[in-house]
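So the chains spell out like this:
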Amino acid sequence: MIPEDKITEIFCLADDFCNLFDELTKKYSIDSSNSSKRRYHRDSRMNVAEIIVIMIMFHSSNNRCLKHFYIDCICKKYKHLFPNTVSYTRFVEIQKNAVIPLTLFIKKVLLGKCTGITFVDSTPLRVCRNQRIHIHKVFKGIAARGKCSMGWFYGFKLHLICNEKGEILNFMFTPGDVDDRKPLEYKAFLKEIYGKLVGDKGYISQPLFERLFVDGIQLVTKLKSNMKGAMMSVSDRLLLRKRAIIETVNDELKNIAQVEHSRHRSFENFVVNMLGAIAAYCFFPKKPCIHVYREVDNRLTLF
């Protein structure tokens, strides 16, 4: 569990960002306070910053049930930190209000910086077992069947880019049937990325390599048996051996931050769950990292 002083620090970051977000949205939105229409939904006494902090705390804990965590920990143990708690049913209802602020909070505040060496990979997010695909209704028309190294699945894909320090640089969610190379075609996904981008064999594509090379990104992948004329430097071979770092990031997101489970009852709360897991990972005190040697003044220096 996160210490109380760290919880306060996270809340200050989230609250400052949410206040700025509210000011900007109010500036460019239409004022409906003077409208004669009746309001059917009242404002919640729990603000968005508190929802964000609670989701980060949940995904940083060992709890696997949000209901038990909220009732036993937030409403009892941490009642002094969250005096405006609501019922669990109401909390689940207002979770969707944090989708856009939490997304921007991660994108603008929590993501790391590119150092010239990055790793890219995708991991499946299953929403149900394959036997229950035809009776699954929550994500009907949204999720899709896909195939990964572990076989067929039904759900979504999480595409990640991280640096050698284990910091997430960008992420994207797609249906399960989207090709791994598709996100790399969007310039917004590769914004601020430069240098070497290391991926597995699923990213092999000569047109994609040429397109990224023009943008200052060198795509490094393993070679297939029929690629006889291709050459690879020793440094690129060493980076490919260190590609397991992003596999470790995916493992921590799934087994510690619980980015994947099959108990979702709405698409909005599914998105909040995934964003909360990514935000919680960004606050992990220890992340998987590798030692990188760079040549400086004709000498190898450890960074």
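Residues numbered from 1 in each chain as written. Predicted model: local features only at pLDDT ≥ 70, side-chain atom pairs only at ≥ 80, totals over all residues. Heavy atoms only, no water.

Moving on, we get to the overall build of the chain. A count of helical and extended segments in the chain gives nine helices and eight strands. Considering the chain as a whole, with its 303 residues, one finds that 45% of them fall into the buried category. Restricting the contact set of the chain to residue pairs at least 6 apart, pairs at least 24 apart contribute 66%. In the structure as shown, the chain presents an accessible area of about 17900 Å², 52% of it carried by carbon and sulfur atoms. (Helix = DSSP H or I, 4+ residues; strand = E, 2+ residues; numbered from the N terminus. Buried < 20%, exposed > 50% of the residue type's maximum accessible area, 1.4 Å probe, protein only. Contact = heavy atoms within 4.5 Å. Areas by Shrake-Rupley, 256 points an atom, 1.4 Å probe, with all protein chains shown as cover.)

With that settled, the discussion passes to unusual backbone geometry. Despite not being glycine, glutamate 192 has its phi angle at roughly 70°, a positive value. At glutamine 258, a residue that is not glycine, the phi angle is positive and equals roughly 55°. Relative to the elements of secondary structure, glutamine 258 occurs in the loop between α8 (244-255) and α9 (267-282).

In the structure shown here, the tally under the stated rule is ten salt bridges. A salt bridge links lysine 6 to glutamate 9, with the shortest nitrogen-to-oxygen separation between them at 3.8 Å. With lysine 6 and glutamate 9 both in helix α1 (residues 4-27), this residue pair falls three residues apart, about one helical turn. Residue lysine 6 is classed as partly exposed on the basis of its relative accessible area, which comes to 26%. Classification of glutamate 9 by relative accessible area gives partly exposed; the value is 43%. A salt bridge links aspartate 180 to lysine 157, with the nearest nitrogen and oxygen atoms 3.0 Å apart. Here aspartate 180 is found in the loop between β4 (168-175) and β5 (195-198), whereas its partner lysine 157 is found in strand β3 (residues 151-163), with 23 residues between them in sequence. Pair check on accessibility: aspartate 180 and lysine 157 agree, each one buried. (Salt bridge = Lys/Arg side-chain N within 4 Å of Asp/Glu carboxyl O.)

In this section: a nonpolar patch on the surface. Together, Leu20, Leu24 and Tyr28 make up an exposed nonpolar region whose accessible area comes to about 350 Å². Mapped onto the fold, tyrosine 28 is located in the loop between α1 and α2 (48-60). In this structure tyrosine 28 comes out as exposed when scored by relative accessible area, which is 65%. (Patch = residues over 30% accessible without salt bridge, like charges linked within 9 Å, V, L, I, M, F, W, Y side chains within 5 Å.)

This brings us to the packing of α2 against α9. Taken N-terminus to C-terminus, the directions of α2 and α9 make an angle of 70°; their axes are 8 Å apart at the nearest point. Of the possible angle classes, the one that applies to α2 and α9 is roughly perpendicular. Contacts from Met55, Ile56, Phe58, His59 and Ser60 of α2 reach α9 at Val272, Asn273, Gly276, Ala277, Ala279 and Ala280. (Axes fitted to C-alpha atoms, helices over the stretch in contact; angles between N-to-C directions. Parallel < 35°, antiparallel > 145°, perpendicular 65-115°, else oblique.)

Quick look at the side chain of glutamate 164 now. With respect to the helices and strands, glutamate 164 occurs in the loop between β3 and β4. A polar atom in the side chain of glutamate 164 sits 2.6 Å from the side chain of threonine 115. (Polar contact = N/O pair within 3.5 Å; in protein donor to acceptor, adjacent residues only side chain to side chain.)

Attention now goes to the nonpolar core. With 73 residues, the main nonpolar core has Met57, Phe91 and Ile106 as its most contacted residues. Broken down by element, this core gets its largest block of residues, eleven residues, from α9. Residue contacts for methionine 57: discarding those within four places in its chain leaves Met1, Ile2, Ile7, Phe69, Ile74, Tyr78 and Phe82. Ranked by size, the runner-up nonpolar core spans 14 residues in total, among them Leu169, Phe189, Leu190 and Ile217. (Core = buried A, V, L, I, M, F, W, Y, C linked by side-chain atoms within 4.5 Å.)

Among the secondary structure elements, glutamine 95 is positioned in the loop between α4 (88-94) and α5 (99-110). Leaving out residues up to four positions away in the same chain, glutamine 95 has contacts with Ile51, Met55, Leu66, Asn269 and Val272.

Bringing the confidence of the model for the chain into the picture now. For the chain, the average pLDDT comes to 87, and 90% of its residues sit at 70 or higher. Below a pLDDT of 50 lies the segment residues 299-303, which in the model reaches 15 contacts outside its immediate sequence neighbourhood of four places, other chains included. (pLDDT = per-residue confidence, 0-100.)

Let's shift gears to the pairing of strand β1 (residues 117-126). Extensive coverage of β1 is indicated by the burial of nine of its ten residues. As defined by bridge partners, β1 adjoins β3 across nine bridges and the pair is classed as antiparallel. If you follow phenylalanine 119 over to β3, its bridge partner there is cysteine 162. (Pairing = 2+ DSSP bridges.)

Look at α1 against α2: their axes get within 9 Å of each other, and the N-to-C directions meet at 140°. Considering the angle they form, α1 stands oblique to α2. In this structure, α1 meets α2 at a crossing whose hand is right-handed. Facing Ile7, Ile10, Phe11, Ala14, Asp15 and Cys18 of α1, the residues of α2 in contact are Val48, Ala49, Glu50, Ile52, Val53, Ile56 and Met57. For the contact of α1 with α2, the class distribution of residues is eleven nonpolar, no polar and two charged. (Left-handed = near helix turned anticlockwise from the far one by under 90°. Nonpolar A, V, L, I, M, F, W, Y, C, P; charged D, E, K, R; others polar.)

Attention shifts here to the packing of aromatic side chains. This structure, assessed with the given rule, holds 13 aromatic pairs. Judged by centre distance (6.0 Å) and plane angle (35°), the ring pair of phenylalanine 267 and phenylalanine 270 falls under tilted. On the criterion of helical spacing, the pair formed by phenylalanine 267 and phenylalanine 270 is a turn pair, its members being three residues apart in helix α9. Take phenylalanine 267: its relative accessible area is 33%, and that puts it in the partly exposed class. Arranged with centres 5.5 Å apart and planes meeting at 65°, the rings of tyrosine 281 and phenylalanine 284 form a pair that is edge-to-face. Joined through ring pairs, the aromatic side chains of Phe139, Phe156, Phe267 and Phe270 make up one cluster. (Phe/Tyr/Trp six-rings, centres within 6.5 Å; stacked < 30°, edge-to-face > 60°.)

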